[in-house]
Amino acid sequence: MSGWAGLQKKHPEKVLHYVGVSQLISIKLGEIAGYEDAYRIAVEKGKDTAKLTAVYEKAMEDLTFDNLGRLRMKTMPYHMPPKGKNQILMGLKSPYLKWNTARWQLMCMINWKKRKRLSQDLLDYMMKANLFDEPMEYQVPVAFIHGDSDWATPAVCSKQYMEQMIAPQKEMVVLKDMGHNPQYDTPEEFAKVLKGLVG
């Protein structure tokens, strides 16, 4: 059972409201939605879709982290959000940045194979995770906040999930021209939305 779903089911007295930001529903369903949108854009622009389709088919046959990365490299050019801040620069300027965090990030960039090996159990779990396979009844209000240009965790997947789930209150906010991290890209707008949902 997923962490937040399990927590509110086991300890509803400790959870007043759940707000998912760029909520992951299913990597596979998200990649299908991302591919379909990228394919649509490519066709509209008159681009050759053969390589995009080949990489997509390979990823769907064998959804590994490597195949997912190859697919995202092909779909990403079609999904660049209009707004956004340089998150690497933001991280470097953060008062919370500690040497171990910076060292870990640097190691990940330099030695991708080592990072993958260290994270393999998490990666395997993430590739198979699908909230549609979990019980869909919640005892607390649930809200999702998404950017309309977030193709890492597409809003369309959360919308489908929200339509099927049962909760005392459900709300979804989709922020225009935002990508995967609206809380970083436009913190003031994000804070207003969050306060409106739980305030």
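Residues numbered from 1 in each chain as written. Predicted model: local features only at pLDDT ≥ 70, side-chain atom pairs only at ≥ 80, totals over all residues. Heavy atoms only, no water.

Caption draft 1: The packing of aromatic side chains, seen in detail. Under the defined criterion, the tally for this structure stands at 4 aromatic pairs. Ring geometry for Phe132 versus Tyr161: centroids 5.4 Å apart, planes at 75°, classification edge-to-face. Here Tyr161 lies in helix α9 (residues 155-164) and Phe132 lies in the loop between α8 (120-128) and β2 (142-147), a separation of 29 residues in the sequence. Using a relative accessible area of 21% as the deciding quantity, one classes Phe132 as partly exposed. Judged by centre distance (6.4 Å) and plane angle (35°), the rings of Phe144 and Tyr161 are tilted. Separated by 17 residues along the polypeptide, Phe144 in strand β2 and Tyr161 in helix α9 bring together distant segments of the chain. (Phe/Tyr/Trp six-rings, centres within 6.5 Å; stacked < 30°, edge-to-face > 60°. Helix = DSSP H or I, 4+ residues; strand = E, 2+ residues; numbered from the N terminus. Buried < 20%, exposed > 50% of the residue type's maximum accessible area, 1.4 Å probe, protein only.)

Caption draft 2: Main features of the packing of helix α3 (residues 50-61) against helix α4 (residues 65-75). The interhelical angle for the contact between α3 and α4, taken along N-to-C directions, is 155°, at an axis separation of 9 Å. When the interaxial angle is binned, α3 and α4 end up roughly antiparallel. As α3 runs across α4, the sense of the crossing is left-handed. Facing Lys51, Leu52, Val55, Tyr56, Lys58 and Ala59 of α3, the residues of α4 in contact are Asn67, Arg70, Leu71, Lys74 and Thr75. (Axes fitted to C-alpha atoms, helices over the stretch in contact; angles between N-to-C directions. Parallel < 35°, antiparallel > 145°, perpendicular 65-115°, else oblique. Left-handed = near helix turned anticlockwise from the far one by under 90°. Contact = heavy atoms within 4.5 Å.)

Caption draft 3: Here's a closer look at the packing of helix α2 (residues 27-44) against α3. Remark: α2 packs on α3, axes separated minimally by 11 Å, with the N-to-C direction vectors making an angle of 170°. Taken together, α2 and α3 sit at an angle that is classed as roughly antiparallel. Facing Lys28, Glu31, Ile32, Tyr35, Ala38 and Tyr39 of α2, the residues of α3 in contact are Leu52, Thr53, Tyr56 and Met60. Each residue belonging to the contact of α2 with α3 can be placed in one class, and the counts come to 7 nonpolar, 1 polar and 2 charged. (Nonpolar A, V, L, I, M, F, W, Y, C, P; charged D, E, K, R; others polar.)

Caption draft 4: Structural context of the environment of His180. Position of His180 relative to the elements: it lies in the loop between β3 (170-175) and α10 (182-185). A relative accessible area of 33% means that His180 is categorised as partly exposed. Measuring from C-alpha to C-alpha, the distance between His180 and Ser22 comes to 6.0 Å, with 158 residues separating the pair along the chain. Contacts of His180, omitting those with residues within four sequence positions, involve Ser22, Asp150, Ala152 and Thr153. Within the structure, His180 has its side chain in polar contact with the side chain of Thr153 (distance 3.3 Å). (Polar contact = N/O pair within 3.5 Å; in protein donor to acceptor, adjacent residues only side chain to side chain.)

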